[in-house]
Amino acid sequence: MTKYLCYCLFLLPTLFFGQEKYPQEAFRPPMDIPIILAGTFGELRSNHFHSGIDIKTQQREGVPIYGIGEGTITRIKVSLWGYGKVLYIAHPNGYTSVYGHLQKFSPKIEEYIKEIQYSKKSYEVEVFPDYGELKIEKGELIAYSGNTGGSAGPHLHFEIRSSISEKPTNPLLYNINVADATNPTLESLFVYPLSEDSQVNNSIEKVQVNFTKQNDGTFLAEKVNAYGKIGIGFIGFDRQDMAANKNGVYSVSLSANGRTYSSYDFESFSFGETRYINTLIDYDYFGRYNKRIQKCFKSPGNYLNIYNEIYNNGIIEISDGLSYNLDLIIEDLAGNKVQVRIPVEGKNDTPKDAIKHAITPNFVIAKKPNNYDLGVAKVYFPENTFYEDFYIDLAKGKDTVTIHTNTVPAHRNFTITFDASKYSAEEQKQLFIARLDRNLKPSYLNTYKRGGTFTARTRDLGTYTLAKDTIAPKIRNKNFKEKQWLNNYRYLSVHISDDLSGIDTYTATLNGEWVLMEYEPKRNTLTYNFDDKILDKKQCVLKLTVTDNVGNTSTMTTSFFRK
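Residues numbered from 1 in each chain as written. Predicted model: local features only at pLDDT ≥ 70, side-chain atom pairs only at ≥ 80, totals over all residues. Heavy atoms only, no water.

Helix and strand content of the chain: five helices and 48 strands. Its C-alpha atoms give the chain principal-axis dimensions of about 90 × 65 × 45 Å. Carbon and sulfur atoms make up 47% of the accessible area of the chain, which totals about 27200 Å². If the 66 positive side-chain charges of the chain are averaged to one point and the 64 negative ones to another, these points end up 6 Å apart. (Helix = DSSP H or I, 4+ residues; strand = E, 2+ residues; numbered from the N terminus. Areas by Shrake-Rupley, 256 points an atom, 1.4 Å probe, with all protein chains shown as cover. Lys, Arg positive; Asp, Glu negative; His and termini not counted. Charge placed at Lys NZ, Arg CZ, Asp CG, Glu CD.)

In structure tokens:
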């Protein structure tokens, strides 16, 4: 580890003073199949920007993955969610490549990590090998593609980061070729009034504006009558060739009468600022309709550093009687673009709709801590939980509290505390704090219990309650039967599930010895690989114990034959 830090410090002057462009010949693609993208760098995701590219793997797992350059493995992580099985390789030129959602590692890495898993008796592990301990050559097999972690389908999540700052950069900047002659698509266009005296088309609410394609391929929006401070927002996406996926765009630029008001791109960003994505989008609209309007103006609390140019926070001031031409350009990294002109006429009319503020008895001041007593529960918002001040809607029931709606983003965790003292000690063991979805289905929150006081931390506004889970997890054989001969089997598989609070822990032994079973929660499956070769008897007894998040436990004992 000390050698690695010294190595990074040695690189510091080179990275910041000697390197003007991203290296174009240093790296090869991570796979030998055509690079077709299911997701682009900087793409808008839930509470974060996408920090890499998602490479399609022909709708299958097991595609060989190769090191993009000479280097050494500095981190290996196996987890149930996030990147699942993931490798980090540091390269001599100061970059680190990341390979996520892997099915399995190459044989030498698999042997290395399994030894650690068995020593810790845990499927989930994270290790940081000493620098140079696991060296990789350019083009060396390192893993096979999979669908582990928070993946929604088979693909490779691939990143290139700075080894020093850990800032991810767009992998396509390193001469990793993707066929792309397709223009981005503009779906919807919006104009926002942004001050008390502003209006758009006689309205104080945002207005969706229609647009039509012109002979030169650009688009022209309908004329907008406006007055005061206004901003522009859009819904759009990008596509690469040979893929139907609606991916994120690379760059956005807005100008008014030839002057640039806002220009940003997704060349790079910092993980520390990624949650500020909720200030880049219209979060209220997203909470209501599950669609992301991307704003070309900066809202309060927006500390993103993705802007190349920003004037007046991207807010355009429209004067009565003057005409403006607003030009919005959305571009991909290959230079394909879509351009729309928005003609605006300054017109100060009396709005047809009155100013409507959702006034409630409770007003949150974002820069101060806020504490509310809701009877059965209390909620505490630390300072700077929210980006802006707002009236919060709070409601309390017998065992349920509603903390606004999920139309306001929270940047920090806040605390919910329930009083469970009216329940017996036995009942309390089976209780947990749950968030209710629109169909009133509860989802488990990690609940800290101290006496009759239950506490949970979350970033999601909504409805919360105390839920009770009395049913133990279910276990059943999946690919074998009791006392079956499994001579030709590569693995055995068990199905586990829980109806409410979810699986917390599991442990398995084979003939009394702990064995590694890989858990895939998306398929509710535990798998033991016979290549581990710890069997020493023809008759094998598998004992599996599974516990849910409130302590309900099930145990299954089964046997099979193998020689």
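Back to the text.
So, on to helix 2 (residues 107-120). Every α-helical turn comprises 3.6 residues, leaving residues that sit three or four positions apart pointing alike. With 14 residues, helix 2 extends 20 Å between its outermost C-alpha atoms, agreeing within 8% with the 20 Å of an ideal straight helix rising 1.5 Å per residue. Taken together, the buried positions of helix 2 are Ile109, Glu110, Tyr112, Ile113, Lys114, Ile116 and Gln117. Where helix 2 ends, the next residue or the one after it, Lys121, has phi of about 50°, a positive value. (Expected span 1.5 Å × (residues − 1). Buried < 20%, exposed > 50% of the residue type's maximum accessible area, 1.4 Å probe, protein only.)

With that settled, consider the sheet that holds strand 29 (residues 370-373). The strand order across the open sheet built from five strands is 29-30-34-38-37, with neighbouring strands paired in antiparallel fashion. Each edge of the sheet is formed by a strand with only one pairing partner; in this case those strands are strand 29 and strand 37 (448-450). Ignoring which end each strand starts from, the neighbouring axes of this sheet average 15° apart. Looking at chain direction, strand 30 (residues 377-381) and strand 34 (residues 414-419) are connected through four bridges and run antiparallel. Within strand 34, the residue paired with Val379 across the bridge is Ile416. (Pairing = 2+ DSSP bridges. Axes fitted to C-alpha atoms, helices over the stretch in contact; angles between N-to-C directions.)

Our focus in this paragraph is the confidence of the model for the chain. Here the chain shows a mean pLDDT of 93. Residues at 70 or above account for 95%. When the criterion is pLDDT under 50, residues 1-19 qualifies, and its contacts beyond four places in sequence or with other chains add up to 23 contacts. (pLDDT = per-residue confidence, 0-100. Contact = heavy atoms within 4.5 Å.)

Here we take up the sheet that holds strand 47 (residues 539-548). One open sheet holds the five strands; their spatial order is 41-48-47-43-44, and the pairing between them is mixed. Only two strands of the sheet have a single partner each, and these edge strands are strand 41 (484-485) and strand 44 (513-514). Note: strand 43 (residues 503-510) against strand 44, two bridges, orientation antiparallel. Bridging from a neighbouring strand, Leu510 pairs with Glu513 of strand 44.

The subject of this paragraph is the nonpolar core. In terms of nonpolar packing, the biggest core is built from 107 residues, with Ile76, Leu87, Tyr99, Leu189, Leu326, Leu328 and Val494 touching the most fellow members. The biggest single contributor to this core is strand 20 (residues 224-237), with five residues. Filtering out sequence-adjacent residues up to four positions away, Ile76 remains in contact with Val86, Leu87, Phe105, Ile109, Tyr112, Ile113, Val125, Glu126, Val127, Pro129 and Leu134. (Core = buried A, V, L, I, M, F, W, Y, C linked by side-chain atoms within 4.5 Å.)

Together, Ile359, Phe363, Ile365 and Tyr391 make up an exposed nonpolar region whose accessible area comes to about 360 Å². By secondary structure assignment, the location of Phe363 is in strand 28 (residues 362-364). (Patch = residues over 30% accessible without salt bridge, like charges linked within 9 Å, V, L, I, M, F, W, Y side chains within 5 Å. Salt bridge = Lys/Arg side-chain N within 4 Å of Asp/Glu carboxyl O.)

Here the focus is the environment of Leu394. You can see Leu394 is positioned in strand 32 (residues 394-396). The class for Leu394 is buried, based on a relative accessible area of 17%. Every residue in contact with Leu394, bar those within four places of it in the chain, is listed here: Asn362, Tyr372, Leu374, Thr402, Ile403 and His404.

With that out of the way, let us pick up the side chain of Ser255. By secondary structure assignment, the location of Ser255 is in strand 21 (residues 251-256). Owing to a relative accessible area of 12%, Ser255 belongs among the buried residues under this scheme. Sequence-distant contacts of Ser255, defined by excluding residues within four places in its chain, comprise Thr260, Tyr261, Asn325, Leu326 and Asp327.

With that settled, consider the pairing of strand 30. What you see with strand 30 is a clean split: Ala377, Val379 and Phe381 sit on the buried side and Lys378 and Tyr380 on the side with no burial. Summarising the sheet, strand 29 and strand 30 pair through four bridges and their orientation is antiparallel. Across the sheet, Asn370 pairs through a bridge with Phe381, a residue of strand 30. The hairpin turn running from strand 29 into strand 30, its antiparallel successor, is three residues long, and Gly375 in that turn takes a positive phi close to 80°.

Time to look at the pattern of salt bridges. Within this structure, the stated rule accounts for 16 salt bridges. Among the ionic pairs, Arg45 bridges to Asp54, the shortest N-O distance being 3.2 Å. Exposure remark for Asp54: the relative accessible area of 7% places this residue in the buried category. Three or more residues are tied together by salt bridges with common partners; here these are Glu43, Arg45 and Asp54.

A word on the environment of Tyr123. In this structure, Tyr123 sits in the loop between helix 2 and strand 10 (125-127). On the accessibility criterion, Tyr123 (7% relative accessible area) is buried. Sequence spacing of Tyr123 and Arg239 is 116 residues, and the spatial spacing of their C-alpha atoms is 37 Å.

This brings us to the packing of aromatic side chains. Scanning all chains against the criterion turns up 31 aromatic pairs. Considering the side-chain rings of Phe190 and Tyr285, the 5.7 Å spacing of their centres and the 65° angle between planes classify their relative orientation as edge-to-face. Of this pair, Phe190 sits in strand 15 (residues 185-193) while Tyr285 is found in helix 4 (residues 283-289), placing the two residues 95 residues apart along the sequence. Taken together, a centroid distance of 6.2 Å and an interplanar angle of 75° make the contact between Phe269 and Phe271 edge-to-face. Aromatic ring contacts, followed pair by pair, group Phe41, Phe49, Tyr264, Phe266, Phe269, Phe271 and Tyr307 into a single cluster. (Phe/Tyr/Trp six-rings, centres within 6.5 Å; stacked < 30°, edge-to-face > 60°.)

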